[in-house]
Amino acid sequence: MSGQDLVRQELTNFMQTHLGGGSLDCVDEIVLQYMTGVLEDLGTPDSSEDSFDVNQFVEMMDAYQPGFGQIDSIQVCEWMFNLAGKLTQAREKENTPPPSKSCTDDSTTPPKTNLSTKRPEAAEENTRLDKERTSQQQDETEETEEEERDSLREEFEGQVRLLCEMFPSCASLEAQHCLVVANGDMEHAVQLVMERQQSGECMQVWKK
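Here the structure is a predicted model, which means the values were calculated and not measured.

### Section: the packing of helix H2 (residues 29-42) against helix H3 (residues 54-64)
Here H2 crosses H3 at 165 degrees, and the two axes come no closer than 12 Å. As far as their axial angle goes, H3 and H2 are roughly antiparallel. Crossing handedness for the pair H2 and H3: left-handed. Note on element contacts: H3 touches H2 through Phe-57, Met-60, Met-61 and Tyr-64, opposite Val-31, Tyr-34 and Met-35. Looking at the contact of H2 with H3 residue by residue, the classes come out as seven nonpolar, no polar and no charged.

Encoded structure:
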């Protein structure tokens, strides 16, 4: 299961538990990317509850999923940190190579058979090849979907960086928030940042 699939599933379960909502299979990729980005930040060793603005996160989620703001912020905070741990474990499993096959499998010499036994063996071989082709096709489909997600995520991260360059005092989380609310529309996101800066709602870069 990919990172975004895990986030989608956990978000669905969380909403159903606290609000009795239905399936969230139609969640926009941008929202999942936003959540994944926040979770990856929370999964770093330097992360703490003080570094996570749960109220800002709830505000964004409530704008997309009405009712999310009714959930207690403490429960949201605990859920996000638990989910960050699960996401980190999922990433580690994705990066772990599968165990290599034993060389003894290839060294076994099949016994000689007569014509009557070759036909069943040929049928079994065809079945095995069909299964391998099906498995290969599934792997290729999953790889294509993963590449599409990576492409969308790279585009989203590029937009976040651009917003932060345009507004140096704007925090990365604020840029992500505005992009999600703007549904990826860069011009709309820029306008939102300007409006929130003027109203004093914009999250600023924390300076030591």
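### Remarks on helix H4 (residues 73-94)
With 22 residues, H4 should reach 32 Å at 1.5 Å per residue; the first-to-last C-alpha distance of 31 Å fits that figure. Along H4, the residues classified as buried are Val-76, Cys-77, Trp-79, Met-80, Leu-83, Ala-84, Leu-87 and Ala-90. The buried residues of H4 occupy an angular sector of 160 degrees when the element is viewed end-on, so they sit on one face. For H4, the exposed residues set more than 90 degrees away from the buried face come down to Ile-74, Asn-82, Glu-92 and Lys-93.

### Notes on the packing of H3 against helix H7 (residues 172-181)
Following both chains from N to C, one finds H3 and H7 inclined at 10 degrees, their axes separated by 10 Å at the closest point. If you check the angle between H3 and H7, you find them roughly parallel. Contact residues: H3 offers Gln-56, Glu-59 and Met-60, while H7 offers Glu-174, His-177 and Val-180.

### Description of the side chain of Glu-174
With respect to the helices and strands, the residue Glu-174 is situated in helix H7. In terms of polar contacts, Glu-174 uses its side chain to reach the side chain of Gln-56, at 3.2 Å. For Glu-174, the contacting residues outside a window of four places in its chain are Gln-56, Arg-196, Glu-201, Cys-202 and Met-203.

### Some remarks on the nonpolar core
Grouped together as the largest cluster of nonpolar side chains are 48 residues, with contacts concentrated most on Tyr-34, Met-35, Phe-57, Phe-68, Val-76, Met-80 and Leu-163. Excluding anything up to four places from it in sequence, Phe-57 contacts Tyr-34, Met-35, Phe-52, Phe-68, Val-76 and Met-80.

### Here's the deal with the pattern of salt bridges
By the definition in use, this model includes 11 salt bridges. When the shortest N-O distance is used, the salt bridge between Glu-10 and Lys-86 registers 3.4 Å. In this pair, Glu-10 sits in helix H1 (residues 3-19) while Lys-86 sits in helix H4, placing the two residues 76 residues apart along the sequence. Between Arg-149 and Glu-145 there is a salt bridge, with the nearest N and O atoms lying 4.0 Å from each other. Within this pair, Arg-149 and its partner Glu-145 are both found in helix H6 (residues 115-166), separated by four residues, close to a single helical turn. Bridged by salt links that share partners, the residues Glu-40, Arg-91, Arg-153 and Glu-157 form one connected network.

### Quick notes on unusual backbone geometry
Positive phi, normally seen in glycine, also occurs at Asn-183, with a value near 60 degrees. Residue placement: Asn-183 occurs in the loop between H7 and helix H8 (186-199). Asn-183 gets classed as exposed once you look at its relative accessible area, which sits at 52%.

### Digging into a negative patch on the surface
On the surface, Asp-139, Glu-140, Glu-142, Glu-143, Glu-147, Glu-148, Asp-150 and Glu-154 cluster together to form a negatively charged patch. For Glu-142, the location among the structural elements is in helix H6. Judged by its relative accessible area of 51%, Glu-142 is exposed.

### Here we look at the confidence of the model for the chain
Residues at a pLDDT of 70 or more form 82% of the chain, whose mean pLDDT is 79. The lowest-confidence element of the chain is helix H5 (residues 104-107), averaging 50 in pLDDT; the highest-confidence one is H8, averaging 89.

### Remarks on the packing of aromatic side chains
Each aromatic ring pair is specified by the distance between its two centres and by the angle formed by the two planes. Per the counting criterion, the structure on display carries six aromatic pairs. A ring pair is formed by Tyr-34 and Phe-57, whose centres lie 6.1 Å apart and whose planes are at 15 degrees; its orientation type is stacked. Here Phe-57 lies in helix H3 and Tyr-34 lies in helix H2, a separation of 23 residues in the sequence. Classification of Tyr-34 as buried rests on a relative accessible area of 0%. Their ring planes at 80 degrees and their centres at 6.1 Å tell us that Phe-52 and Phe-81 sit as a pair that is edge-to-face. Taken as a pair, Phe-52 in the loop between H2 and H3 and Phe-81 in helix H4 lie far apart in primary sequence, 29 residues in all. With a relative accessible area of 7%, Phe-52 lands in the buried category. Since its relative accessible area comes to 23%, Phe-81 is described here as partly exposed. Put simply, the rings of Phe-14, Tyr-34, Phe-52, Phe-57, Phe-68, Trp-79 and Phe-81 touch in pairs and so form one group of aromatic residues.

Conventions adopted
- Residues numbered from 1 in each chain as written.
- Predicted model: local features only at pLDDT ≥ 70, side-chain atom pairs only at ≥ 80, totals over all residues.
- Heavy atoms only, no water.
- Axes fitted to C-alpha atoms, helices over the stretch in contact; angles between N-to-C directions.
- Helix = DSSP H or I, 4+ residues; strand = E, 2+ residues; numbered from the N terminus.
- Parallel < 35°, antiparallel > 145°, perpendicular 65-115°, else oblique.
- Left-handed = near helix turned anticlockwise from the far one by under 90°.
- Contact = heavy atoms within 4.5 Å.
- Nonpolar A, V, L, I, M, F, W, Y, C, P; charged D, E, K, R; others polar.
- Expected span 1.5 Å × (residues − 1).
- Buried < 20%, exposed > 50% of the residue type's maximum accessible area, 1.4 Å probe, protein only.
- Arc of directions from axis to C-beta.
- Polar contact = N/O pair within 3.5 Å; in protein donor to acceptor, adjacent residues only side chain to side chain.
- Core = buried A, V, L, I, M, F, W, Y, C linked by side-chain atoms within 4.5 Å.
- Salt bridge = Lys/Arg side-chain N within 4 Å of Asp/Glu carboxyl O.
- Patch = residues over 30% accessible without salt bridge, like charges linked within 9 Å, V, L, I, M, F, W, Y side chains within 5 Å.
- Areas by Shrake-Rupley, 256 points an atom, 1.4 Å probe, with all protein chains shown as cover.
- Lys, Arg positive; Asp, Glu negative; His and termini not counted.
- Charge placed at Lys NZ, Arg CZ, Asp CG, Glu CD.
- pLDDT = per-residue confidence, 0-100.
- Phe/Tyr/Trp six-rings, centres within 6.5 Å; stacked < 30°, edge-to-face > 60°.

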